[in-house]
Structures are given as structure tokens and as C-alpha cells.
Amino acid sequence: MRVDEFLVWAEGRPGRYELNAGEIVAMSPQRARHADAKFAVQTTLKSAIRRGALPCRMCLDGTTVQIDHETAYEPDALVCCGGGDLIETHIVASGALRLDPPGLDLALADLSEDDDPA
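Each chain has its residues counted from 1, running along the sequence as written. pLDDT decides what is reported in this predicted model: residues at 70 or higher carry local features, side-chain atom pairs at 80 or more are listed and counted, and totals for whole chains, interfaces and linings draw on all residues regardless. Only hydrogens and water are set aside when side-chain values are computed; all heavy atoms of the structure are taken into account.

Visitor: Before we go on, may I ask you to explain helix α2 (residues 32–51) in this structure?
Guide: One full turn of an α-helix is made of 3.6 residues, so residues set three or four places apart face in the same direction. Numbering of helices and strands runs from the N terminus; a helix is a DSSP stretch of H or I covering at least four residues, while a strand is a stretch of E covering at least two. Here the expected length of a helix is defined as 1.5 Å per residue gap, with one fewer gap than residues. For α2, with 20 residues, the first-to-last C-alpha span of 28 Å sits near the 28 Å given by 1.5 Å per residue. Residues of α2 that are buried: Lys-38, Ala-40, Gln-42, Thr-43, Thr-44, Leu-45, Ser-47, Ala-48 and Ile-49. Two residues form a contact once any of their heavy atoms are found within 4.5 Å. Those residues of α2 that are buried lie in contact with β3 (56–59), β6 (78–81), β7 (96–99) and β8 (104–107). Taken from the residues just after α2, Ala-53 is the one with a positive phi, measuring 50°. Partly exposed describes any residue whose relative accessible area lies between the buried limit of under 20% and the exposed limit of over 50%, with all areas from a 1.4 Å probe on protein chains only and scaled to the type maximum.

Visitor: Mind showing me how you'd approach the packing of aromatic side chains here?
Guide: Aromatic rings considered in pairs are described by the distance between their centres and by the relative angle of their planes. Pairing of aromatic rings covers Phe, Tyr and Trp, the last through its six-membered ring, and needs centres within 6.5 Å; plane angles under 30 degrees mean stacked, over 60 mean edge-to-face, and all others mean tilted. Inspection of the entire model under this criterion finds two aromatic pairs. Between Phe-6 and Trp-9, the aromatic rings sit 6.2 Å apart at their centres with planes inclined by 25°, giving stacked as the arrangement. Of this pair, Phe-6 and Trp-9 both sit in helix α1 (residues 3–10), separated by three residues, roughly a single helical turn. Classification of Phe-6 by relative accessible area gives buried; the value is 2%.

Take a look at the structure:
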């Protein structure tokens, strides 16, 4: 299945799904530990954006991001910069998260720090 077909298929359907290499994958229910980790990442990103006075915002989870023609994920946190629908994807498993532009640079370990979300 391609992403455009997947989006039509998923519209209004109960549950949450992702598309991985053309295959529909049901997302499992979220546990408290995952929700806590996701919140820590989101608030750390939001604070880094504010500290850097970057022209971006931290978008909450639930937004489907197309990776290629047959893959679309719902990331736990998303940094949105500028206008339009173009999304540049950076999946980070180790090291640092670098978005240039706009100039956001965070060590992956910093994404789990406790930070004031305000």
C-alpha cells in the first residue's frame, strides 16, 4: 500500500495505525512509562526551541509523517519549522539531534531531562 492510499483507508477508522514498507501496522496502547518519556522529550524540545529563539514549534504526537512513498509514522514528538506541509525527517537513535536550519542541536541524552514545560 502507498501512503496516499493508507491515509484514505485510515480516515475515520478507530484505533491508531502506521504504514511500514507498505504494510499497515496497528499501534499498541500506550503505557504510562512511554507517556512519561514522550512528555519529557516534548518539553525538552519546546524549551530548546524557546532558548534558541528558533522560528519553530514543538508539535504534539498524532501527526502522520510520510517517510517515503510506502512508509508513514506517527512520531512521539515533532519539531515544525516554517510554513507549508513539507516535513524533513530526522530519526535519531544515538548521538545528537541536529536540525540546521534552524539551528537546533541537542544531545540525545538531553531529550530525557526534566524541564519546566512553561
